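# Examining the three-dimensional arrangement
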Amino acid sequence: MKALLVWVSGSLTAATVIIASFLIATKSSGEPTSFRSSAGALAVKTFADNLAYPWGLAFLPEGRALVTERPGRLRVVSPQGALSPPVTGVPDVWAVGQGGLLDVVTDREFSANRTIYFCYSERANDGGRSGGRTAVARAALEDGDDPSLSSVRIIFRQDGPLSSGNHYGCRIAQGADGHLLVTLGEHFSSRDEAQNLGNHLGKIVRIAPDGSVPKDNPFVGRDGARPEIWSWGHRNAQALAFNPADGRLWEIEHGPRGGDEVNIIAPGKNYGWPVIGYGVDYSGAKIHEATAKPGMEQPVKYWVPSIAPSGMAFYTGKLFPKWNGSLFVGALAGKMLVRLSLSGDKVTAEERLLQPLNERIRDVRQGPDGALWLLTDNAAGRILRVTPANE
């Protein structure tokens, strides 16, 4: 262990310990692990496995991580890739259809306050009609052999027609001001509600860490509009992140048959679903009035046919200097990792990676070690670590 620490950086800093912990933990799965790319050969190693539909990944201090499993389990992953027992204290999760325990993030001051935020689908009753909605909770993570959550508090519940099991959205990003941005799906069968400011379907909302409404939200004080709304006209947003180059918020959402979108989000803007778009219904029927309309924003990129994007990370690490500033996106239906080259607010090129892996990629994160970390979406899901093959 000590020799490896010296080899990594020559000094035993806290950052070195984290990096070394990740380096010694990854394990081979016995399948192809080397893949071609514009940055040279890539190595893909299994860090943890036997996860049931892992959905969200968040890094903790000292080489550990948090991972959600869609059936409703939250686990701590050790620096050696071992999974803890399910963390106790998670609220009841309605794991029906696409719903379940979804994204998880740590607070910007996690080392001091131990606070995490997570979102999930919960069962609700609406005049006797049962269905699901997206909820957001905060809690403190308690360490130990049997980790638990304390001070659990639901800080937001989606308002509007309920879902029978589809399109919950549910990615979280925390801004530099500490406020939370959360994506909320339009529940598939209620797609027109994405244009209704009177509920939360098909919206991105912005809330304070305690769930209160920031006073500078764009619809505060507007009659007939929910004050939590930050942007609207979304379908089923599956990725959300701030671009470290300029601090702007980027979002990626699923289209139907074609029309997956990459958007740069501005407060109060309408992103058009279902009025405008680039796809068709699953039956092949027309959905949209047009591809563009005054007062509705255009994506910076769209995919036809659909790749079903999920999870994204802006790359700023040192392992792949050629890729610094790139945006990495997972693909479910496309079964690959996509790298988008950026120039300001424009996508200039696309590279499709890891296709021989043949895995649905649910989440993408940059780790403290500068590697790319992926979640695979299946009943025997894995956490994968992607590095240069010679690293």
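For the structure itself, consult the block above.
Attention in this report is confined to the structure presented alongside it.

Calculation rules
- Counting restarts for each chain: residues are numbered from 1 in the order of the written sequence.
- Given that the model is predicted, a residue must reach a pLDDT of at least 70 before its local features are reported, and side-chain atom pairs must reach 80 or more before they are shown or counted; all residues, however, enter totals for whole chains, interfaces and linings.
- Only hydrogens and water are set aside when side-chain values are computed; all heavy atoms of the structure are taken into account.
- Per the convention used, a helix needs a DSSP run of H or I reaching at least four residues, while a strand needs a run of E reaching at least two, with both numbered from the N terminus.
- Radius of gyration means the value over C-alpha atoms here, while the globule rule gives 2.2 Å times the residue count to the 0.38 power.
- Remark: exposure states derive from per-residue accessible area (1.4 Å probe, protein chains only) relative to the maximum for the residue type, with buried under 20%, exposed over 50%, and partly exposed in between.
- Contact between two residues is taken to exist if any of their heavy atoms lie within 4.5 Å; hydrogens are not considered.
- The charged-residue count follows a simple rule in which Lys and Arg add positive charge and Asp and Glu add negative charge, with His and chain termini not counted at all.
- Here the site of a charge means NZ on Lys, CZ on Arg, CG on Asp, or CD on Glu.
- Disulfide assignment relies on a single distance test, namely cysteine sulfur atoms paired within 2.5 Å.
- Any two strands with at least two DSSP-identified bridges between them are counted as paired.
- Whenever a helix is involved, its axis is fitted only over the stretch in contact; in every case the axis is a line through C-alpha atoms, and angles between N-to-C directions fall within 0 to 180 degrees.
- Any pair of Phe, Tyr and Trp rings, taking the six-membered ring for Trp, is counted once the centres come within 6.5 Å. Such a pair is stacked with planes under 30 degrees apart, edge-to-face with planes over 60 apart, and tilted for the rest.
- Two limits define a charge over a ring: the Lys NZ or Arg CZ must be within 6 Å of the ring centre, and within 35 degrees of the ring normal.
- We place a 1 Å grid over just the protein atoms. Points where a 1.4 Å probe fits but has no way out form a cavity, open points with protein on both sides within 12 Å along at least 5 of 7 lines form a pocket, and any residue with an atom within 4 Å of a point lines it.
- Grid points are joined across faces, edges and corners, and a volume is the space filled by probe spheres set on the points.
- In what follows, salt bridge is the name for a side-chain nitrogen of Lys or Arg lying within 4 Å of a carboxyl oxygen of Asp or Glu.

Scanning the protein chain for helices and strands turns up 3 helices and 24 strands. The C-alpha atoms of the protein chain give 20 Å as radius of gyration, which agrees with the globular expectation for 391 residues (21 Å, within 12%). In terms of its C-alpha atoms, the protein chain occupies a principal-axis envelope of roughly 65 × 45 × 35 Å. Across the 391 residues that make up the protein chain, the buried fraction comes to 56%. Here the contacts in the protein chain between residues at least 6 apart in sequence split such that 56% fall between residues at least 24 apart. For the protein chain, the separation between the mean place of its 41 positive charges and that of its 39 negative charges on side chains is 3 Å.

Enumeration according to the criterion identifies 1 disulfide in this entry. Here C119 pairs with C170 through a disulfide, and the sulfurs are 2.2 Å apart. Placement of the pair is C119 in strand β7 (residues 115-126) and C170 in strand β10 (residues 169-174), with a sequence separation of 51 residues. We classify C119 as buried; its relative accessible area is 0%. Judged by its relative accessible area of 0%, C170 falls in the buried class.

In this section: the sheet that holds strand β4 (residues 65-69). Pairing in this open sheet of 3 strands is antiparallel, and the strands run β3-β4-β5 from one edge to the other. The open sheet is flanked by β3 (54-59) and β5 (73-77), the only strands paired with a single partner. Averaged over all adjacent pairs, the angle separating strand axes in this sheet is 20 degrees, with direction ignored. Strand direction decides the pairing type here: β3 and β4, joined by 4 bridges, are antiparallel. Bridging across to β4, A58 finds its partner in L66.

Let us now look at the packing of aromatic side chains. Counted by the stated rule, this structure contains 11 aromatic pairs. Between the aromatic rings of F219 and W232, the centroid separation amounts to 6.5 Å while the plane-to-plane angle is 85 degrees, which identifies the pairing as edge-to-face. In this pair, F219 sits in the loop between β12 (203-207) and β13 (229-232) while W232 sits in strand β13, placing the two residues 13 residues apart along the sequence. For the pair formed by F219 and W232, the shared burial category is buried. Ring geometry for F320 versus W323: centroids 4.9 Å apart, planes at 25 degrees, classification stacked. The class of F320 is buried, set by a relative accessible area of 3%. Relative accessible area serves as the criterion here: at 1%, W323 is assigned to the buried category. The structure contains a cluster of three or more aromatic residues connected by ring pairs, namely Y315, F320, W323 and F328. One residue, R70, lies across the ring of Y53, its end atom 4.8 Å from the ring centre.

In this section: the sheet that holds strand β19 (residues 327-331). Strand order in this open sheet of 4 strands is β18-β19-β20-β21, and the pairing throughout is antiparallel. Taken across any chain shown, the strands that pair with only one partner, and hence form the sheet edges, are β18 (309-314) and β21 (346-353). Here the average twist between neighbouring strands, direction ignored, is 25 degrees.

Where empty space is left can be seen by rolling a probe of water-molecule size over the atoms. Scanning all chains against the criterion turns up 2 cavities of 30 Å³ or more. The computed volume of the largest cavity comes to approximately 70 Å³. Around the largest cavity sit 14 residues that line it, and G255, P256, G259, E261 and W273 are the ones nearest its centre.

The subject of this paragraph is the pattern of salt bridges. One pass over the structure, following the stated rule, counts 24 salt bridges. A salt bridge links R171 to D103; its shortest N-O distance comes to 3.1 Å. Of this pair, R171 sits in strand β10 while D103 sits in strand β6 (residues 101-106), placing them 68 residues apart in sequence. In this structure, the salt-bridge partner of R191 is D281, at a minimum N-O distance of 3.4 Å.

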